[in-house]
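Structural overview
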Amino acid sequence: MAKYNKKKIGELIDGTLEFYELKDMMSSHKDPERFGTYMSVLQERVTWDDPIILPAGLHLYIVQKASGDRIVKCDCGHEFCDYKDNWKLHANIYVRDTEEKMNEIYPKLMAPDTDWQVIREYYCPGCDTQLEVEAVTPWYPIIKDFEPDIDTFYNEWLKIPLPTVKA
Amino acid sequence: MTTKQEELTTQIQEGVFQQSTGPIGWDGKTLKQMRKEIDEISKETGHYAGLKTLPFKESDPIRFEKIFSKLRGGVVHARETAKKVAASPIVEQEGELCFSLYTPDADSIVTSTGIIIHVGTMGAAIKYMIENDYEVNPGIADKDIFCNNDNHVGNVHTCDVHTLVPIFWEGELLGWVGGVTHVIDTGASSPGSMSVGPVNRYEDGYQVTCRKIGQNDVLSKDWLLESTRSVRAVKYWTLDEKTRVAGCHMIRDLVLDVIREEGPDVYKSFIREIIEDGRRGFVNQVKTMLVPGEYRGVSFVDVPFKDLPVHDYAKVNSIMHSPSKIKVHKDAKLEIDFEGTNRWGWHSFNATPVSITSGIWVMLSQTLAPNDRINDGAYYASEFGIPLGSWLNPDDLRSAHANTWHSLVAAWSPLWRGLSRSYFARGYLEEVNAGNAHTTNWLQGGGIGPDGELHAINSFECAASGVGASAVKDGISHSAALWNPEGDMGDMEIWEMLEPLVYLGRQILPGSGGAGKYRGGSGWQSLRLGWGTNDWTMFVAGSGHMATDCGLMGGYPGAAGYRYSALDTDLKERFAKQLPFPQGADVDPDNPKWDTVIDAKTIHRDRQTVSTEEMFKDYDVIMNYLRGGPGFGDALERDPKNVAEDINAGYVLPRYAEKVYGVAVKEGKYGEYTADEAKTIKIREQIRKDRAKRSIPAKEWMKQEKERILNKEASPQVQHMYAGSFALSEQFTDEFKGFWDLPKEWMVYEEDLDVPTYGAHINRFKENK
């Protein structure tokens, strides 16, 4: 079974692996050590000390706070909300709801027709990174994309202890 | 007084069989008894066929694997060999066929490559025969041949025609083999395999309901005459049927060889254990790859029918709403719930539950379970919620399904995103996929072919659409389609041989792939000139007003679609005078070039991307636009060098380098672009500042949007979509109203929207309103 060191996983995260290496990764049985290696690379790269429990998206992490709370946090340091809440409700939003706004992204006729659909962009209030995009009809409730069962994942599936805050 | 059904049941119980020699199942059981027992024991134990252990596999694993390899290799070989019988480029070029081997009671054991959505659909046909006592009448005998393509039995769409052959050993049924091909025409009200014109079952094409079409390995004369008089493009229909029969017979011979070698009892143990093994393997994959929890997504596709020449009750602009929730349970059961899906409609884009439950495996075998053990084991490890009355499960036999892929490909895109959030969380970044393109356009038409016979076409160029971006690389451009993992655009020369359409171009379409840190795979366009047409018509079928995906983690959706055709043109004169004429792709629809080199009485350049038959002559022109895939991540994080390369390769228009990616580019002496990294840093800083300025906190925006909802400020089609979901689903309604904190009395009803509600049956407001 394949096994990858931190350097290789770092290159994977950076998107610098050659295609043949990616292809090998995709075709091999998955390496059970991946999660631990991945988490340690991510933890080393962030500028804050809160232990990462689970990556929640590009730039987003569910982290453990000393208070016991589990918070969604951006790698810029901005803290959104409890992980069971929807972080998008605490983001900044920009809605492309006119042809002119759509035309900034797509040539004419290649963008959604705003009578039918709008594009919502969710930005981090800390670093203005575009964290998620929704292409939905007007009125659509903001989608809660992901609600992980963290305790089952750690305790029953991985059978490893949850990360804790160092005293 | 007994009913007919009770009489049949009594006959089965008493062993009085009219047209067969008696029960053909194992140990003297009827197939119906076998089916019931398998369902009951699998449900009761949580293991397929109650197999808590796998005694054969565990005691003799090499022999077990040897049998698997022989069968799997055999069905793949049969597919590869049989497809050479076909003349249809859809089968021969695109590989739109598949073979699967089943248990006597209709569970799939092993499947070939190809359009593996049919693992379940052919199983559904066999189950239908079992349920309807085919064992009694018309009887199921050795060397019989059955055919099915009835959508309401559980097919995907009318053009997927199944051939089903029973496999007997010493008078006992040991299984079935099924073969399916995507036939180029099945006699719908308009030509082509995925028609837009049909709006009900009776226009949807020639439907054969699990019919016995041959005995003693010979197709019946009445069947051959009737079927070939019921469809267009008869030679393709005929050769497709020979393809299916040849493949089925190859696989039947293979199975009989295995039984001769291993003995029937070993074969019986093997086919049960391999399905339970498939179930376990799937559970193991879920635990290896995913994170338990809930994943939500949604997609939409437009159905702009208001101005089409269809029946009055079908003249409605509507939206097919596909919300989905993936729940990964603690025990690794995978549940997919489509609660909230809106009502089915009078168009050919409806689906059946089997097409979605079976179709899921097309996708999962490309991502979560990429192995060759594709059988019904995975089905037993999963659960689906498919609301009755929705477009995924119409409550009316009149519903049409000829072009169900219009909606299915949209419904699947959020499932990629859900699974990808898991892969991302676990570090399997190489598996992340932002979603699938709306794998259209379907360029279709028909008339009198070059040989003087009725002809129909469906260009399968969309088998090479753009792929969604991953978390580590761009999506592959112009290369694949969700529904056929071996997708291929086909050779132009082959299409030109079979279609009265000459190529004026095949070119990448800039901006069709969704922007992002990693760009969605690009789509492309081909441009076709009428040449050799005779009583010919053409039409298009694709997404237009809406993007059918969302992009992932900051990436943008793939572009929406549009149509272009020019009728009654001056091209004959232009060719004679050697004047410029349209070629390549319509690379920048903001500055269209084709229109400057053509005069035509009619030019369609609009979003009417589903259309009905329009007369099409020599020197008329029509575009085929194959869509791109969604992007991943914030476009401001894309390597500036890659943006410049995208411009040079034709994937991005120069002006969008700065607007979308924040990259300053400069054009060199020979027209090549390079990125200015220093300027790029400044532009990107400015774009981030602009984002901060133009955006507002989501909760503030929600207050504004709530006002728009209270005032019912939305287009009729948007309100119609919500009304269709509200009428079917209390849960969706409660979640919607709860999210926006709407007053109790607020509601949108279908009957208040001034559009036809013909055929709307299930309506939870009917009594309450």
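The sections below set out a description of the structure shown in this document. This one's a predicted model, so the numbers in the text were calculated from it and none came from an experiment.

Brief notes about the overall build of chain A
In terms of helices and strands, chain A carries 5 helices and 8 strands. Scanning chain A from its N terminus toward the C terminus, one meets helices and strands in the order α-α-α-β-β-β-β-β-α-β-β-β-α. Sorting the 167 residues of chain A into buried and exposed places 46% on the buried side. Sequence separation of at least 24 residues holds for 46% of the intrachain contacts in chain A that already meet a minimum separation of 6.

So, the overall build of chain B
A count of helices and strands for chain B gives 20 helices and 23 strands. For 769 residues, the compact-globule estimate of 2.2 N^0.38 gives 27 Å, and chain B sits close to it at 27 Å. With the C-alpha coordinates of chain B rotated into their principal frame, the extents come out at 80 × 65 × 60 Å. Across the 769 residues that make up chain B, the buried fraction comes to 58%. In chain B, of all internal contacts separated by at least 6 residues, the share reaching a separation of at least 24 is 75%.

Considerations on unusual backbone geometry
Residues and elements named next belong to chain B. Each neighbour pair has its own omega, and for asparagine 137 with proline 138 the value is 20°, a cis peptide bond. Within the element layout of this structure, proline 138 appears in the loop between helix H6 (118-131) and strand E3 (145-148). Between threonine 440 and asparagine 441 the backbone carries a cis peptide bond, its omega angle lying at 20°. Relative to the helices and strands, asparagine 441 is located in the loop between helix H12 (405-426) and strand E12 (442-448). Its identity is not glycine, yet alanine 49 carries a phi of approximately 60°, on the positive side. Position of alanine 49 among the secondary structure elements: in the loop between helix H2 (31-45) and helix H3 (55-59). Assessed through the 19 C-beta atoms surrounding it within 10 Å, alanine 49 is described here as partly exposed.

Some points on the sheet that holds strand E8 (residues 146-148) of chain A
One open sheet accounts for 5 strands, arranged E8(A)-E8(B)-E9(B)-E10(B)-E11(B); its pairing is mixed. Of all the strands in the sheet, just E8 of chain A together with strand E11 (382-385) of chain B have a single pairing partner and so form its edges. Mean inter-strand twist for the sheet, computed between neighbouring axes without regard to direction, equals 15°. Examined bridge by bridge, strand E8 (residues 293-304) of chain B and strand E9 (residues 317-328) of chain B share 12 bridges and lie antiparallel to one another. Opposite Val301(B), over in E9(B), you have Met320(B) as the bridge partner.

Topic: the nonpolar core
Among the nonpolar cores identified, the biggest contains 261 residues, and Leu101(B), Ile126(B), Ile251(B) and Val643(B) are the most heavily contacted of them. Ignoring sequence-local partners within four residues, the contact set of Leu101(B) consists of Leu71(B), Val75(B), Ile109(B), Val110(B), Gly175(B), Val177(B), Ile251(B) and Val255(B).

Considerations on the interface of chain A and chain B
At the junction of the two partners, chain A supplies 62 residues and chain B supplies 75 residues. Those elements giving two or more residues to the side of chain A that touches chain B turn out to be helix H1 (6-14), helix H2 (19-27), helix H3 (34-45), strand E1 (52-57), strand E5 (92-96), strand E7 (130-136), E8 and helix H5 (150-158) of chain A. Each residue belonging to the side of chain A that touches chain B can be placed in one class, and the counts come to 38 nonpolar, 9 polar and 15 charged. By the bridge criterion, 3 bridges tie E8(A) to E8(B) in an arrangement that is antiparallel. In the sheet register, Pro148(A) faces E8(B), and the bridge partner there is Gly293(B).

Describing the packing of H6(B) against helix H10 (residues 353-364) of chain B
Residue and element names in this part refer to chain B. Where H6 meets H10, the closest approach of the two axes is 7 Å, and the angle between their N-to-C directions is 140°. Judged by the angle between their axes, H6 and H10 are oblique. Note on element contacts: H10 touches H6 through Val354, Ser355, Thr357, Ser358 and Trp361, opposite His118, Val119, Gly120, Thr121 and Ala124. Here the residues of the contact of H6 with H10 are counted per class, giving 4 nonpolar, 6 polar and no charged.

Quick word on the sheet that holds strand E3 (residues 70-74) of chain A
Residues and elements named next belong to chain A. Spatially, E1-E2-E3-E4 is the arrangement adopted by the 4 strands of the open sheet, whose pairing is antiparallel. Whereas interior strands pair on both sides, the edge strands pair on one side only; in this sheet they are E1 and strand E4 (79-82). Taking the axes of each pair of neighbouring strands and ignoring which way they run, one obtains an average angle of 30° across the sheet. Where E1 lies against strand E2 (residues 60-64), 4 bridges are found, and the strand directions are antiparallel. Bridging across to E2, glycine 57 finds its partner in leucine 60.

Quick look at the pairing of strand E10 (residues 334-337) of chain B
Residues and elements named next belong to chain B. Where E9 and E10 come together, 4 bridges link them in antiparallel fashion. Bridged to lysine 325 within E10 is aspartate 337. In this antiparallel pair of consecutive strands, E9 and E10, the connection spans 5 residues, and alanine 332 shows a positive phi of 75°. Bridging between E10 and E11 involves 4 bridges; their strand directions are parallel. If you follow glutamate 335 over to E11, its bridge partner there is glutamate 383.

Points about the environment of Lys212(B)
Residue and element names in this part refer to chain B. Relative to the helices and strands, lysine 212 resides in strand E6 (residues 211-215). Spatially, the C-alpha atom of lysine 212 lies 7.4 Å from that of proline 138, the residues being 74 residues apart in sequence. With residues near it in sequence (within four places) discarded, lysine 212 still touches Pro138, Asp144 and Phe146.

Quick notes on the pairing of E1(A)
For E1(A), a buried count of 6 out of 6 residues is recorded, marking the element as mostly surrounded by other parts of the structure. Counting the residues in the hairpin turn of E1(A) and E2(A) gives 2 residues, including His59(A), whose phi is positive at 80°.

Re the environment of Ile647(B)
Residues and elements named next belong to chain B. The topology assignment puts isoleucine 647 in helix H15 (residues 640-649). Of the residues examined, isoleucine 647 has 23 C-beta atoms within 10 Å and is grouped as buried. Each C-alpha atom of the pair isoleucine 647 and arginine 426 lies 34 Å from the other, and the pair is 221 residues apart in sequence. Apart from residues lying up to four places away in sequence, isoleucine 647 is in contact with Val652, Pro654, Ala657, Val665 and Tyr673.

Thoughts on helix H8 (residues 234-262) of chain B
Relative to the 42 Å expected for 29 residues at 1.5 Å per residue, H8(B) spans 42 Å between its end C-alpha atoms, a close match to the ideal helical length. Gly263(B), located one to two residues past H8(B), shows a positive phi value of around 95°.

Some words on the packing of helix H4 (residues 61-82) of chain B against H8(B)
Residue and element names in this part refer to chain B. Their axes nearest at 9 Å, the elements H4 and H8 cross at an angle of 160°. The orientation of H4 relative to H8 falls into the category roughly antiparallel. In the packing of H4 onto H8, the handedness of the crossing is right-handed. Here Ile67, Lys70, Leu71, Gly74, Val75, Ala78, Arg79, Thr81 and Ala82 of H4 lie close against H8, whose contacting residues are Thr243, Ala246, Gly247, Met250, Ile251, Leu254, Val258 and Glu262. Counted by class, the contact of H4 with H8 contains 10 nonpolar, 4 polar and 3 charged residues.

Side note on the environment of Phe736(B)
Residues and elements named next belong to chain B. Positionally, phenylalanine 736 belongs in helix H20 (residues 730-740). The exposure class assigned to phenylalanine 736 is buried, which follows from the 20 C-beta atoms found within 10 Å. For phenylalanine 736 and glycine 340, which are 396 residues apart along the polypeptide, the C-alpha to C-alpha distance reads 9.9 Å.

Reading guide: rules and limits
- Residues numbered from 1 in each chain as written.
- Chains lettered and ligands numbered in written order.
- Predicted model: local features only at pLDDT ≥ 70, side-chain atom pairs only at ≥ 80, totals over all residues.
- Helix = DSSP H or I, 4+ residues; strand = E, 2+ residues; numbered from the N terminus.
- Buried ≥ 20, exposed ≤ 12 C-beta atoms within 10 Å, placed from the backbone.
- Contact = placed C-beta atoms within 7 Å.
- Rg over C-alpha atoms; globule rule 2.2 N^0.38 Å.
- Pairing = 2+ DSSP bridges.
- Axes fitted to C-alpha atoms, helices over the stretch in contact; angles between N-to-C directions.
- Core = buried A, V, L, I, M, F, W, Y, C linked by C-beta atoms within 7 Å.
- Nonpolar A, V, L, I, M, F, W, Y, C, P; charged D, E, K, R; others polar.
- Parallel < 35°, antiparallel > 145°, perpendicular 65-115°, else oblique.
- Expected span 1.5 Å × (residues − 1).
- Left-handed = near helix turned anticlockwise from the far one by under 90°.

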